[in-house]
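Structural characterization, general
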Amino acid sequence: MFKSINSNQGELITIYFEGKTLNVPKDYNVATALLWAGVCDFRETTLNNMKRGPYCMMGVCFDCLININGMDNQQSCTIQVSDGMKIKRQVINSSGKK
Ligand code: FES
């Protein structure tokens, strides 16, 4: 699906997605790192539980919202990955509860 045009990924760091260990380039933002690792669905819509993932990659569409280190509603396309970061899909039902 997504393929980097740069064959040199540079230094890798470790992040955790849904408890799974991922080694990703340290210079990537969270959305890019997850896409690079093969993760495409980041959250579900509140009305019909449709899966959503990054679209604009520039902080406009809000389709990349995700839980980072226990905090919901983080725009993953605007946040750089950091070593040890814990990331989860954001699943909130229509009543606003997880
Ligand atoms: S991908 Fe659109 S706001 Fe992040």
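Below you will find a few notes about this structure. (Residues numbered from 1 in each chain as written. Predicted model: local features only at pLDDT ≥ 70, side-chain atom pairs only at ≥ 80, totals over all residues.)

1. As for the environment of Ile15
Inclusion rule: Secondary structure elements are defined from DSSP: runs of H or I of at least 4 residues count as helices, runs of E of at least 2 residues count as strands, and each element is numbered from the N terminus. What counts as a contact is two residues whose backbone-derived C-beta atoms lie within 7 Å of each other.
Relative to the elements of secondary structure, Ile15 occurs in strand β1 (residues 12-17). The spatial distance from the C-alpha of Ile15 to the C-alpha of Val81 is 7.7 Å, given a sequence separation of 66 residues. With sequence-adjacent residues up to four places away left out, Ile15 is seen in contact with Leu22, Val24, Ala33, Val81, Met85 and Ile87.

2. What about the sheet that holds strand β2 (residues 20-25)?
In plain terms, the rule: If DSSP finds at least two bridges between two strands, the strands pair. In this analysis, axes come from line fits to C-alpha atoms, helices being fitted only over the stretch in contact, and the angle between any two N-to-C directions falls in the range 0 to 180 degrees.
Here we have five strands laid out as an open sheet, ordered β2-β1-β7-β5-β6, and mixed in their pairing. The sheet is open, and its two edges are formed by β2 and β6 (71-75), each paired on a single side. Sheet twist, expressed as the mean angle between neighbouring strand axes with direction ignored, is 40°. Looking at chain direction, strand β5 (residues 65-68) and strand β7 (residues 86-88) are connected through two bridges and run antiparallel. Residue Ile68 lies in a different strand from β7, and its bridge partner there is Ile87.

3. Examining the nonpolar core
What counts is decided by this rule: Under the definition applied here, buried Ala, Val, Leu, Ile, Met, Phe, Trp, Tyr and Cys residues are grouped into a nonpolar core through C-beta atoms within 7 Å. With C-beta atoms placed from the backbone, a residue is buried if 20 or more other C-beta atoms are within 10 Å of its own, exposed if 12 or fewer are, and partly exposed between those counts.
If you look at the biggest cluster of nonpolar residues, it comprises 18 residues, and the most contacted ones within it are Ile15, Val30, Ala33, Leu34 and Ile66. Broken down by secondary-structure element, the contributors of at least two residues to this core are β1, β2, α1 (30-36) and β5. Here this core gets five residues from one element, more than from any other, and that element is α1. With near-sequence residues (within four places) excluded, Leu34 lies in contact with Phe17, Val39, Phe42 and Ser76.

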